[in-house]
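Spelled out, the chains give:
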Amino acid sequence: MPTTKPILSVKRLSKRFPIYSDGVVRRVVDNFTAVNDVNFDLMPGETLGIVGESGSGKTTCARCVLRALEPSEGEVIFQSRNGPLDLAQLSEKQLKPLRQEMQMIFQDPFSSLNPRMTVGETVAEPMLIHKLSKGAALKEQVVSILEKVGLAAEHLNRYPHAFSGGQRQRIGIARALIMKPSLIVADESVSALDVSVQAQVINLLQDLQEEFQLTYIFVAHDLSVVKHICDRVLVMRKGEVVESKTTSELFSNPEHGYTRSLLSAIPSPDPDIPLQPIAYKE
Amino acid sequence: MPNPNENALSIRELSVTFDSEDGAFEAVRNVSYDVPRGKVLAVVGESGSGKSVTANAILGLIQAPGRVSNGQILFYPKKGNPVDITTLSEKDDLLFKIRGGKIGMIFQEPMTALSPVHSIGNQLCEALFLHKSVDKKEAERVAIEMLEKVGITDPATRLKQYPHEFSGGMRQRVVIAMALICEPEIIIADEPTTALDVTIQAQILTLLSKLQKETGTSVIFITHDLGVVAQIADDVAVMYKGRIVEKGSVRQVLKDPLHPYTKALLAAIPSQKNLGARLPTIDSVLGDTDISTHTELIEIGAGRSVALAPEEAARHSK
Ligand SMILES: Nc1ncnc2c1ncn2[C@@H]1O[C@H](COP(=O)(O)OP(=O)(O)OP(=O)(O)O)[C@@H](O)[C@H]1O
Ligand SMILES: Nc1ncnc2c1ncn2[C@@H]1O[C@H](COP(=O)(O)OP(=O)(O)OP(=O)(O)O)[C@@H](O)[C@H]1O
Ligand SMILES: [Mg+2]
Ligand SMILES: [Mg+2]
């Protein structure tokens, strides 16, 4: 498909956070660069993995792309239904109608769910905000998506605290999927699931991708999951992309020392294969 | 309460029930397991099967509408008499000493265990002040040392920051540091490494193994990652729908799984075998096999148990 345009084109994306002084009045004394000069293109229907060191800027990068954070520098060109737009330049008001086309599944399921809203309300809320559905039809859609992620109609009226970690994570997934967005950024979104439920959710994501040509950015620590679902992978360390390749190339021919160290630290489910991680030295 | 096997903790026929308008829901059903002193027991199983609720019960943290509806949780401290934690009331001084002191908990969701309005340093020192007699300077020194051990670079600066300024994995490591800082006899680690990249995960696993060898700490390790189980556990308990369906040594359970659910779990790991294909789920592996009746945990060898259907169980017990 040589004529297809990227759905997302990220150029020179950087994000700096202020560092404050000690004391009661916290003054800004310096900046911390959490994301430094990240570039990538994403084709419609593609799945991009972002892996890397804890604290390397994966979540920050993902949040900047969807404008949950304001980038300090760079462009985020998104092919919306009405043509290309640089998300980095848009106001909150201009972004609002675009929000239904791009959804984020957050890393920390508990703090991203409103404790005072039932599961039914939580999953229905974005549909109501964007006036996409209501009443009995909406309820039916909510139940249907909950069932697809392995929850049930009987859970509708429960509050988040009454769920297990993995169940809460699935509520967040259902809330994003119900919108049928064209771009989904999933931050560690299957990490709290046992491998069998995880398999069910991954199969669902892949089915939806096939049906609606969804595009995914998948931030994950579990490299076996990344290997299974991603077409391409970015490896991040200290705010920078240190390696970017197709998935099969990355796993068969890792070039950067950090990538090698990462691949060597995947524990095998066979107790007779001991873990022998290679340390990474700069 | 005799303790023939040198256990640090023994759960006996524990049930936990949540009451609601729609009736009572038994989240934990007749669960028994032992945690031998200085050993690591991994608890794996279905999402929602009762792993965290069992862990909360060990710390006396089940709150209404939940209640411990049956069973005992016997804690055998290194010094002093055994205690049944289920009999302690919220006001009991002993429960306070156990919670966060003798038994350290690494909670599944770091943000629920951290206060958003206190600095990381204050929270780590607070844990020390509660359970150890140390002054501020000493507490800070220990806090910095602990952050360093869990792989946080530049710990002295990081101490002054707040949870929202940390990444997911860094928060998780703070929670790990908080659980370890009081040198507990038992560590309950609920999904402690899911937010960590594999190199830092390896570092945390090494740290836990070291502590466990040096100080004889016992660990209950709740995880979905069967690779992590293979690396760190001595024994494994598998939970499914509130029950334990299989128990044994790590080698027995991972290399020779007996219960259909355990087999399904192992089949669902994404691997070279199923690359590019749909992943097998529990339903697709089980097919028409109905495991809802496989509920009677039968001991089939030393330390090895599996839940069988009643007719099979009856055959075994003859
Ligand atoms: N609001 C903030 N204020 C200050 N620093 C921040 C803020 N958010 C993130 N950081 C810093 O930016 C860096 C990158 O954080 P980020 O959350 O993007 O990491 P990550 O790659 O997602 O890590 P993890 O795998 O642990 O979730 C970290 O050093 C973190 O401390
Ligand atoms: N406060 C509560 N009220 C009602 N039900 C609850 C409550 N807390 C937990 N449950 C239910 O108890 C069951 C067991 O939950 P638990 O948190 O122990 O699961 P888990 O095995 O830790 O799962 P995960 O791997 O997803 O974290 C779940 O079905 C959950 O919905
Ligand atoms: Mg993150
Ligand atoms: Mg849990």
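Here, the structure is the one placed above.
Values in this document were obtained by computation on a predicted structure and should not be read as measured data.

Near ligand 1 there are 21 residues, and of these Ser54 and Thr60 of chain A together with Glu165, Ser167 and Gly169 of chain B occur at the shortest range. Nearby residues around ligand 1 are contributed by chains A and B. For ligand 1, an oxygen atom lies 2.7 Å from a polar atom in the backbone of Gly55 of chain A. A distance of 2.7 Å separates an oxygen atom of ligand 1 from a polar side-chain atom of Ser167 of chain B. Protein contact buries 91% of the 640 Å² of open area that ligand 1 shows by itself.

Turning our eyes to something else, we now look at a nonpolar patch on the surface. Residues and elements named next belong to chain A. Taken together, the side chains of Phe17, Ile19, Val29 and Phe32 make up a nonpolar region of the molecular surface, amounting to roughly 310 Å² of accessible area. Among the secondary structure elements, those contributing two or more residues to the nonpolar patch are strand E1 (8–20) and strand E2 (28–42). Tracing the chain through its elements places Phe17 in strand E1.

What follows concerns helix H5 (residues 135–148) of chain A. Each turn of an α-helix holds 3.6 residues, which means side chains three or four residues apart point in the same direction. Residue and element names in this part refer to chain A. The end-to-end C-alpha distance of H5, which contains 14 residues, comes to 20 Å, matching closely the 20 Å that a straight helix rising 1.5 Å per residue would cover. Among the residues of H5, those classed as buried are Leu138, Val142, Val143, Ile145 and Leu146. Considered in projection along H5, the buried side chains sweep an arc of 165° and stay on one side of the axis. Among the exposed residues of H5, those pointing more than 90 degrees away from its buried face are Ala136 and Glu140. Against the buried residues of H5 lie helix H4 (119–129) and helix H6 (165–177). Two residues or fewer past H5, Gly150 is found with a positive phi of approximately 85°.

All names here are of chain A. With mixed pairing, the 6 strands of this open sheet are ordered in space as E6-E7-E8-E3-E9-E10. Every interior strand has two partners, whereas the edge strands, strand E6 (102–105) and strand E10 (240–246), have only one. Taking each pair of neighbouring strands and ignoring which way they run, the sheet shows an average axis angle of 15°. Judged from the 4 bridges that link them, E6 and strand E7 (residues 183–187) form a sheet pairing that is parallel.

Cut-offs used in this document
- Residues numbered from 1 in each chain as written.
- Chains lettered and ligands numbered in written order.
- Predicted model: local features only at pLDDT ≥ 70, side-chain atom pairs only at ≥ 80, totals over all residues.
- Heavy atoms only, no water.
- Near = heavy atom within 4 Å.
- Polar contact = N/O pair within 3.5 Å; in protein donor to acceptor, adjacent residues only side chain to side chain.
- Areas by Shrake-Rupley, 256 points an atom, 1.4 Å probe, with all protein chains shown as cover.
- Patch = residues over 30% accessible without salt bridge, like charges linked within 9 Å, V, L, I, M, F, W, Y side chains within 5 Å.
- Salt bridge = Lys/Arg side-chain N within 4 Å of Asp/Glu carboxyl O.
- Helix = DSSP H or I, 4+ residues; strand = E, 2+ residues; numbered from the N terminus.
- Expected span 1.5 Å × (residues − 1).
- Buried < 20%, exposed > 50% of the residue type's maximum accessible area, 1.4 Å probe, protein only.
- Arc of directions from axis to C-beta.
- Contact = heavy atoms within 4.5 Å.
- Pairing = 2+ DSSP bridges.
- Axes fitted to C-alpha atoms, helices over the stretch in contact; angles between N-to-C directions.

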